Amino acid sequence: MSVKHSMLALLYEKPRHGYELKTGFEELVQGMWPLNAGQVYTTLDRLERDALVESPGNDQKDRKLYTITQAGKEELWNWLEKPVGRSLLKDEFYFKFLCADHVAYDEKQKMIKKQKETMIKDVLHLTHLKKQMTQSGNDTMKMLIEGALLHLEADIKWLDILAGDQK
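In short, a report on the structure. In every chain, residue numbers begin from 1 and rise along the written sequence. Confidence filtering applies because this is a predicted model: local features only for residues at pLDDT of at least 70, side-chain atom pairs given and counted only at 80 or more, and all residues used for totals across whole chains, interfaces and linings. To obtain the side-chain values, all non-hydrogen atoms of the structure were included, while hydrogens and water were left out.

Points about the pairing of strand E3 (residues 64–68)
Move 1: Most of E3 is tucked away: four of the five residues are buried.
Move 2: In this analysis, strands are considered paired if DSSP registers two or more bridges between them. Note on conventions: DSSP H or I runs of at least 4 residues are helices, E runs of at least 2 residues are strands, and numbering of each starts at the N terminus. Two strands pair when backbone bridges link them, and strand E1 (residues 16–17) and E3 are joined in this way by two bridges, in the antiparallel orientation. Its bridge partner lying in E3, Arg16 is registered against Tyr66.
Move 3: Inspection of the sheet shows strand E2 (residues 53–58) paired to E3 by four bridges, in the antiparallel sense. Considered in E3, the bridge of Val53 is made with Ile68.
Move 4: With antiparallel pairing between neighbouring strands as the criterion, E2 and E3 make up a hairpin whose turn holds five residues, including Asp62 at a positive phi of roughly 65 degrees. Exposure classes here rest on a 1.4 Å probe applied to the protein chains alone. A residue is buried below 20% of its type maximum, exposed above 50%, and partly exposed in between.

Brief notes about the packing of helix H5 (residues 92–102) against helix H6 (residues 108–136)
Move 1: Whenever a helix is involved, its axis is fitted only over the stretch in contact; in every case the axis is a line through C-alpha atoms, and angles between N-to-C directions fall within 0 to 180 degrees. Two elements in contact, H5 and H6, have axes whose closest approach is 11 Å; the angle formed by their N-to-C orientations is 170 degrees. Put simply, H5 runs roughly antiparallel to H6. Here Phe93, Lys96, Phe97, Ala100 and Asp101 of H5 come into contact with H6, specifically with Lys108, Met111, Ile112 and Gln115.
Move 2: Considered class by class, the residues forming the contact of H5 with H6 number five nonpolar, one polar and three charged. An angle counts as roughly parallel when it lies under 35 degrees, as roughly antiparallel when it exceeds 145, as roughly perpendicular when it falls between 65 and 115, and as oblique in every other case. Here, two residues are considered to be in contact whenever any of their heavy atoms come within 4.5 Å of each other. Put simply, Ala, Val, Leu, Ile, Met, Phe, Trp, Tyr, Cys and Pro go in the nonpolar bin, Asp, Glu, Lys and Arg in the charged bin, and everything else, Gly too, in the polar bin.

Some thoughts on the environment of Val53
Move 1: Here Val53 lies in strand E2.
Move 2: When the C-alpha positions of Val53 and Ile68 are compared, they lie 4.4 Å apart, and in sequence the two are 15 residues distant.
Move 3: The contacts of Val53, once residues within four sequence positions are left out, are Leu8, Leu11, Leu44, Leu47, Glu48, Tyr66, Thr67, Ile68 and Thr69.

Details of the pattern of salt bridges
Move 1: Here, a salt bridge means any side-chain nitrogen of Lys or Arg that lies within 4 Å of a carboxyl oxygen of Asp or Glu. One pass over the structure, following the stated rule, counts 11 salt bridges.
Move 2: One salt bridge connects Lys22 with Glu26, and the closest N-O pair in it is separated by 2.6 Å. Here Lys22 pairs with Glu26, and both are found in helix H2 (residues 18–28), just four residues apart, close to one helical turn.
Move 3: Close ionic contact of Asp160 with Lys116 constitutes a salt bridge, the shortest N to O distance being 2.6 Å. Of this pair, Asp160 sits in helix H7 (residues 139–166) while Lys116 is found in helix H6, placing the two residues 44 residues apart along the sequence.
Move 4: On the accessibility criterion, Asp160 (38% relative accessible area) is partly exposed.

A few points about the side chain of Ser2
Move 1: Its place among the elements puts Ser2 in the segment before helix H1 (3–13).
Move 2: Judged by its relative accessible area of 18%, Ser2 is buried.

Structure representation (structure tokens):
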């Protein structure tokens, strides 16, 4: 997931200062991923260093504004066009389970149960959020939530299989 590219997308829309990028990001993700202000400014420093953004100066409140450069637009388009792979071991639970098996952890069943409980809570939360997105007419977020729900459903089925294999 790329904070860098989300900032480029927000700057593509209009010039913004750092706090606007933070709040714009949090709006974009419907508050489900809070962004640390420090991460915003270190990312902006790198984007500026790499000539993907530039500053035309400050706004009326003396806050530094940023705009996307042509190189920034090209970087954004390249990122959008590049397919995303799904790496098995970059899923934290998969990796955690692998490590638990490696050290002969005796509480794997408990670990699986807690993971499933967490996923069921996520399903309930996302189902509620999906209803809100339906009511607000946010079809894009509604479809993203639908995808997340399908992934959770598959992961819960996998946990059920895993629990059966561990008994």
